[in-house]
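Results of the structural survey
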Amino acid sequence: MTSQLLPGSSLAADCANCAALCCVALAFARSADFGHDKPAGDPCGNLADDFRCQIHPKLRDRGYKGCTVFDCFGAGQRVTQVTFGGVSWRDDPASRPVMFAVFQMVRQLHELLWYLREALELPSTRSLHGELTDAFERTERITLLGAEEIQQTDVAAHRAGIADLLGRASDRARAGIRPIGRVPKRVAPGGDLLGAKLAGVDLSGRSLRGAYLIAADLAGARLRMTDLIGADLRDANLSGADLSEALFLTQAQVNSARGDTRTQLPRRLTRPAHWTAG
C-alpha cells in the first residue's frame, strides 16, 4: 500500500507543526473538564502567540483535564501544513471558518485511518486486505483534497460505509477467542456499564463497541482482542488491566481513563503522565 501516512507516527498529534487548531476551533464549557467557557472559533485564553499552551504542564491542576484527553490523530498538522500550506488562522483570518471546519472533518477521517491501519495489521484479516486497503486509500485521498473539496465530502456517509468493514475485521480477529469465567450479560456492544464492577474479569474476545464504561472498575481485567471502538472509558479504572491486545483502542480513550504502571497497553499507545505509579 502506497501511503503518505505510514508509518504510524503520522497519525499522532504533532503540535509543533500545528497552529493550535484544537485550542481555537473547538468549543468547551466550564465544567470538571475545562476551567472556563470558550465558543468555537475563539482562541483559548491560555494560548500564547507562538501557538503554545501557557499552562501545558499544569493543565490538570488548573482544571483543564479535557485538554489532556483530546487527540486529533494527526489532523492538526495535516490541515495546517498540507491543506493550508503552513498558513495559519492568524496569518489569514479570513480562512478561519473554513480551516476550523476542515480540521474537524479531517480529524474524523484520521480516526478512520487509525482503525483501518490497525485492521490491516491483524493477521486474521488477511482475507479482507483488499477491501481494507481500498478503504484506507480512499480515506487518505480525501484528506489530501483542497479545503473546499473536503468540505463537500459527506464524512458521515463515508464513515458509515466503512463501519461494516471494520465490524467484519473485528469479527475475524475475535473468532474463537473465549473468556475464562463468567461474563455479566450486560457486557455487550453499546452496553450501559457505568460504574460496572468488572475488576479481574476476563473480557477476551467480547465486543464492547460503543459501550458506556464511565467510571467502571476494570482493575486487573483481561481484554485480549476485546473490541473497544467508540467505548467511553472516562474515569474507568484500568489499574493492572491487560489491554496489550485490545482492538481499536485509541490514545484519547486511554487518556480519559485511570491506570498505573501495571496497566499493559498496545505498543502504539503512550502511557499517560497522569497515571499513578501502581
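All of the points below concern the structure found in this document.

Criteria and thresholds
- Residues numbered from 1 in each chain as written.
- Predicted model: local features only at pLDDT ≥ 70, side-chain atom pairs only at ≥ 80, totals over all residues.
- Heavy atoms only, no water.
- Helix = DSSP H or I, 4+ residues; strand = E, 2+ residues; numbered from the N terminus.
- Buried < 20%, exposed > 50% of the residue type's maximum accessible area, 1.4 Å probe, protein only.
- Contact = heavy atoms within 4.5 Å.
- Polar contact = N/O pair within 3.5 Å; in protein donor to acceptor, adjacent residues only side chain to side chain.
- Core = buried A, V, L, I, M, F, W, Y, C linked by side-chain atoms within 4.5 Å.
- Salt bridge = Lys/Arg side-chain N within 4 Å of Asp/Glu carboxyl O.

So, on to the environment of aspartate 61. In this structure, aspartate 61 sits in the loop between helix H1 (22-25) and helix H2 (65-69). Since its relative accessible area comes to 70%, aspartate 61 is described here as exposed.

Attention now moves to unusual backbone geometry. Even without a glycine there, the phi angle at alanine 215 is positive, about 60°. The residue alanine 215 is located in the loop between helix H7 (155-174) and helix H8 (251-256) in this model. Backbone geometry places methionine 225, a non-glycine residue, at a positive phi of 55°. With respect to the helices and strands, the residue methionine 225 is situated in the loop between H7 and H8.

Looking at the secondary structure, you find tryptophan 275 in the segment after H8. A relative accessible area of 8% places tryptophan 275 in the buried class. Separated by 12 residues in the primary sequence, tryptophan 275 and threonine 263 have C-alpha atoms spaced 9.5 Å apart. The residues touching tryptophan 275, leaving out its near neighbours within four places in the chain, are Leu238, Val254, Ala257, Arg258, Gly259, Asp260, Thr263 and Leu265. A polar atom in the side chain of tryptophan 275 sits 3.1 Å from the backbone oxygen of alanine 257.

With 52 residues, the main nonpolar core has Leu166, Leu213, Leu218 and Leu249 as its most contacted residues. Elements that contribute at least two residues to this core include exactly helix H4 (96-121), helix H5 (129-143) and H7. No other element matches H4, which puts 7 residues into this core. Setting aside its immediate chain neighbours within four residues, leucine 166 contacts Leu112, Tyr115, Leu116, Ala119, Arg209, Ile229 and Phe248. The next biggest cluster of nonpolar side chains, apart from the first, holds 24 residues, and it includes Leu47, Met99, Phe100 and Val106.

With that settled, consider the pattern of salt bridges. One pass over the full model with this rule turns up 14 salt bridges. Aspartate 164 is the salt-bridge partner of arginine 168, the closest N and O atoms lying 3.2 Å from each other. Note that arginine 168 and aspartate 164 are positioned in helix H7 at a spacing of 4 residues, about one turn of the helix. When its relative accessible area of 25% is taken as the criterion, arginine 168 is described as partly exposed. Between aspartate 232 and arginine 234 there is a salt bridge, and its shortest N-O distance comes to 2.7 Å.

Read these as geometric descriptors, not functional statements.
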